[in-house]
Amino acid sequence: MTKRKWWSQSVDETLTILKSSKSGLSCEDAANRKTNNSEMITNDQTMNPVRMFLNQFTDTMILVLLGATVVSGLVGAMIDAITIMIIVLINAVLGFVQEYKAEKSLEEIKKLAASYAEVIRSGERIQILAQELVDGDIVLVEAGTKVPADIRLIQSFSLEADESALTGESVPVEKDANLCCEVNTPLAEQANMVFMGTAINRGRGSGVVVATGMQTIMGEIAQMMIEIDRSMTPLQIKLDQLGKILIIICMVVCAAVAGMGIYRGEPVLTMFLAGISLAVAAIPEGLPAIVTVVLAVGIQRMAKRNAIVRKLPAVETLGCTTVICSDKTGTLTCNQMKVQRLASVDSILRMEQSEQNDRQQFIRKNDVVDPMKLPGIHRIIDISLHCNNASIKKQNRKIEFFGDPTEAALLLLASNTSLEKQGHLIKEIPFDSERKRMSVVIERNGEQYLFVKGALEVIIGTCSYVLKNERNDLMRTQERNYFMKLQEEWAAEALRILGFAFRKLEKGKWEHLTDKDLEKDLILTGMCGMIDPPRPGVKQSVKNCIDAGIFPIMITGDHPSTAAAIAKQIGISKEGGVITGLQIDQLNDKELYKRAVNDRVFARVSPQHKNRIVTVLKNKGHVVAMTGDGVNDAPAIKASDIGVAMGITGTQVTKEAASMILTDDDFSTIVEAVYEGRAIYDNIRKFIRYLLGCNIGEVLVMFVSSLFAMPLPLLPIQILWVNLVTDGLPAMALGLEPPEPGIMTRKPRPKNESIFARKMGVYIFSRGMYIAFISLAAFVIGMACVRMSGMSGLELPRTMAFTTLVMAQLFYVFECRSEKYSPFELGFFKNRFLIVAVTCSVIMQLCVLYLPFMQGAFKTVPLNGWQWGVILLLTGIRLLWKFILYTYQSLFVSGNNYVKIKP
């Protein structure tokens, strides 16, 4: 069926187009339509768990590891082979679980559809499964029901729908079947429509089904989630590139070493084993495992900060985030209406949070006042408490409200005072969209009162008097203009305005009056302004984002004026500019990007708009984090580089689509997550620098010795041992390094930045050359010692080169703790894990040198004092020099402004 703008059609036009009537379809016609259009919300790509699992083994790094497993098995290093295989399986299982859970998000969308629907068919009211609905069915809805399809209303009686999960609207939306909206009316303002997956929380009505299944707004969201291409995160891209580079290096270097050895007459088998041993050494097979462990530790730290990470790479991605697109309701705001202003003729008060307790304070000018001592304010709160159908529940110092958010806000207002309900309810005239007010008759102490609340302009029209100085004065133009001007000022701050009035009733007379006559000659007591306020601390969090080079953008389905007011309060927007959904449709991508960067506030947007905003930002090279809680946020969350869902108010669909969930729904937690993400990426660079520097050193030792026709300085089994001792625990401990100072004062790194950026490639290669040089120097010194003493054999030279290679790498690990600071500036013993890891590695190396059964296996000999002196001098000279510089600067340079020692 062609997509129509049903909200712009009248009821009669809609029924005519759908060939239906108010008495409903016949059962036969409904069955025919069901046969022709049986589409429900489904995923056209069936999940295949086996295929998902096997796909985990197609990653470049995984293929390298599988190759390393075969190589290790060929040289008899079964422990290495088993270890590598375990790493491969762990990574595959983790990847499978993450992908499987992500795809479950579409399944959750199905659960939003109502299970049953009340319809009229052949003139009779019957109940059917929601999936049996067809276009043209007449559906009945009432308070407490979930809407089973997209429906054009035919009748509505005080009907309100909670559409927050779909549009982001923070308060229930009034519905009016008699309206005929403009063609370009935004989704959130289509007051004659109700949509699948939303809930009716007040009134009742009926309507004709205009869309089911994948044709609904909810279905369009599901389709977007199917079509979104999940690109790799920056870390995954870098590791994939690194894996390809290492494969090429392995093939070239290993072939060269083996070829040169065979050419100069070395045994073929020995050189073959040396070549494949170098292959194992050149590939840092521990890299994926260390990445996983570091990310997992980061996840634990973030969990303590109320951020639950569902996908490991998301931790690293946060570190290079340049834009945070945030929903307003429930993310930047409290998702709870609160009274911000109160006014009577005599007083104007504002509400502020108390520092001593959870209550709000009443402030007049700059002084805290008791509202019970101000007659007009006292009466406003009294009316708020009694003309109210919401309820309140206190449990473990936590307050829960049930009912209309506006009425809950009025109850919250009263809870900040000592006022309690008095008397009992006799009569209620409920609120409806035509009257725009609610009235109740209360009896207390033998007297009866009418309390009224509603739209201020409506309430003023029913008032003949105003409460002034504890007297009921005649309403004059002066008082009327005072309240209307105040309403304009508050409305400019996006406050929702309510007026309050009352009158004393005469027993035996008011019972015979009509509702209209009863609500006459009222006494105006005043007005209140309320809004869903910003969350505590969010203003500082926004500032922290900006300081860190990240600019926040608000994207909401709420009213533009409300969005502008909140954005200005918290510092997202200074000028107050807002881009609406209608304006987005008129902008090209270049214009949209410019407005996004400058204004940073979007309002009255649809799910399609959110998705387009994220896409435009990503196409401009930004790393985008998208936060949200409703179903309308799910496609954009899935399309973003890092999706962040709210744990308390978020829907299950949003949580499944997200990479990270905030258990406290606090925007500040996102900033803390960025901090962790940056620290984790720094640590990843540290151990990559360490691992590759060490491995280059090992390869160059063998390559240079072969190039100069030297005897092999290392045996194949010694190469594997070096790899085991240095690439394991020390590298893992390096990944647990605490964050460096000033991590949130630098700008985000570019999305396409190489893993070797900022001269890290130069540092790695130069350090590898240094390790190779001193290892070969130790080998030459050992050979000279053997010749001078008249001994034969290469056991001592190889033992010295072997031990030098190990110790050089263990000293090097301390230099890799920072790219900016020396290990002494950071605190040498601050990373206790690293101290323990290095100690364990040293003990393992000593076992190889001094335990007889290990000496035989590794072809080593014990080293004496002068030999250890040579080894420690060669390997520790750099670290010793840095310690001398640090000590000198600490003692003779005033303060702590010493020059940073380059790595």
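Residues numbered from 1 in each chain as written. Predicted model: local features only at pLDDT ≥ 70, side-chain atom pairs only at ≥ 80, totals over all residues. Heavy atoms only, no water.

1. A closer look at the overall build of the chain
In terms of helices and strands, the chain carries 33 helices and 28 strands. In the chain, buried positions account for 57% of the 903 residues. The long-range fraction of contacts in the chain, counting pairs at least 24 apart against all pairs at least 6 apart in sequence, stands at 72%. Of the roughly 38,900 Å² that the chain leaves accessible, carbon and sulfur atoms contribute 57%. (Helix = DSSP H or I, 4+ residues; strand = E, 2+ residues; numbered from the N terminus. Buried < 20%, exposed > 50% of the residue type's maximum accessible area, 1.4 Å probe, protein only. Contact = heavy atoms within 4.5 Å. Areas by Shrake-Rupley, 256 points an atom, 1.4 Å probe, with all protein chains shown as cover.)

2. Some thoughts on helix H22 (residues 607-619)
Taking 1.5 Å as the rise per residue, H22 with 13 residues should run 18 Å; its terminal C-alpha atoms sit 18 Å apart, in good agreement. Every buried residue belonging to H22 is among Pro607, His609, Lys610, Asn611, Ile613, Val614, Val616, Leu617 and Lys618, and all of these are buried. Immediately downstream of H22, the backbone of Gly621 shows phi near 95 degrees, a positive value. (Expected span 1.5 Å × (residues − 1).)

3. Observations regarding the pattern of salt bridges
Using the criterion set out here, one finds 32 salt bridges in the structure. Between Arg471 and Asp473 there is a salt bridge, and its shortest N-O distance comes to 3.7 Å. One network of salt bridges, in which partners are shared, links Arg767, Glu815, Arg878 and Lys882. (Salt bridge = Lys/Arg side-chain N within 4 Å of Asp/Glu carboxyl O.)

4. Let's talk about the pairing of strand E17 (residues 437-444)
The two faces of a sheet get side chains in turn, since along a regular strand they alternate between them. Among the 8 residues in E17, 8 count as buried, and that is most of the element. For strand E16 (residues 424-429) and E17, the ladder comprises 5 bridges, and the chain directions are antiparallel. Of the residues in E17, the one forming a bridge with His424 is Glu443. Hairpin remark: E17 followed by strand E18 (residues 447-454), antiparallel, with 2 residues in the connecting loop; positive phi at Asn445, about 50 degrees. (Pairing = 2+ DSSP bridges.)

5. Structural notes on the environment of Arg600
Relative to the helices and strands, Arg600 is located in the loop between helix H21 (589-598) and strand E25 (601-603). Each residue touching Arg600, except ones within four places of it in the same chain, is listed here: Ile546, Phe551, Pro552, Ile553, Met554, Ile572 and Arg595.

6. Section: the packing of helix H25 (residues 667-707) against helix H28 (residues 760-788)
The relative placement of two packed helices comes down to the angle between their axes together with the axis-to-axis distance. At a minimum axis separation of 7 Å, H25 and H28 run at an interaxial angle of 45 degrees. The angle between H25 and H28 places the two elements in the oblique class. For the pair H25 and H28, the crossing hand works out as right-handed. Between H25, through Arg685, Ile688, Arg689, Leu692, Gly693, Cys694, Ile696, Gly697, Leu700, Val701, Val704 and Ser705, and H28, the contact on the second element is made entirely by Met760, Tyr763, Ile764, Phe765, Gly768, Met769, Ile771, Ala772, Ser775 and Leu776. Among the residues making up the contact of H25 with H28, the classes are represented as 15 nonpolar, 5 polar and 2 charged. (Axes fitted to C-alpha atoms, helices over the stretch in contact; angles between N-to-C directions. Parallel < 35°, antiparallel > 145°, perpendicular 65-115°, else oblique. Left-handed = near helix turned anticlockwise from the far one by under 90°. Nonpolar A, V, L, I, M, F, W, Y, C, P; charged D, E, K, R; others polar.)

7. Comments concerning the confidence of the model for the chain
The predicted model of the chain has a mean per-residue pLDDT of 81, with 81% of residues at 70 or higher. Considering only residues more than four positions removed or in separate chains, one finds that residues 41-45, a stretch of pLDDT under 50, has 16 contacts. Confidence drops under a pLDDT of 50 for residues 894-903, and excluding neighbours within four residues, the segment shows 24 contacts in the predicted structure. (pLDDT = per-residue confidence, 0-100.)

8. Considerations on helix H26 (residues 716-727)
For H26, with 12 residues, the first-to-last C-alpha span of 16 Å sits near the 16 Å given by 1.5 Å per residue. Of all the 12 residues making up H26, 10 are buried; the element is thus mostly covered by neighbouring parts of the structure. Listed in full, the buried residues belonging to H26 are Pro716, Gln718, Ile719, Leu720, Trp721, Val722, Asn723, Val725, Thr726 and Asp727.

9. Structural notes on the packing of aromatic side chains
This structure, assessed with the given rule, holds 9 aromatic pairs. Where Phe824 meets Tyr886, the ring centres are 6.0 Å apart and the plane angle is 25 degrees; that geometry is what we call stacked. Here the residue Phe824 occupies a position in helix H30 (residues 823-826), and Tyr886 occupies one in helix H33 (residues 865-892), the gap between them amounting to 62 residues. Phe824 sits in the buried class, given a relative accessible area of 12%. (Phe/Tyr/Trp six-rings, centres within 6.5 Å; stacked < 30°, edge-to-face > 60°.)

10. A short note on the pairing of strand E23 (residues 551-555)
In terms of burial, E23 is a largely internal element, 5 of the 5 residues being buried. Side chains Phe551, Ile553 and Ile555 project from E23 onto one buried face, and the interleaved Pro552 and Met554 project onto a second face that is buried too. Taken together, the 4 bridges between strand E9 (residues 323-326) and E23 define a ladder with parallel strand orientation. Each bridged residue has a counterpart across the sheet, and for Cys325 the counterpart in E23 is Ile553.

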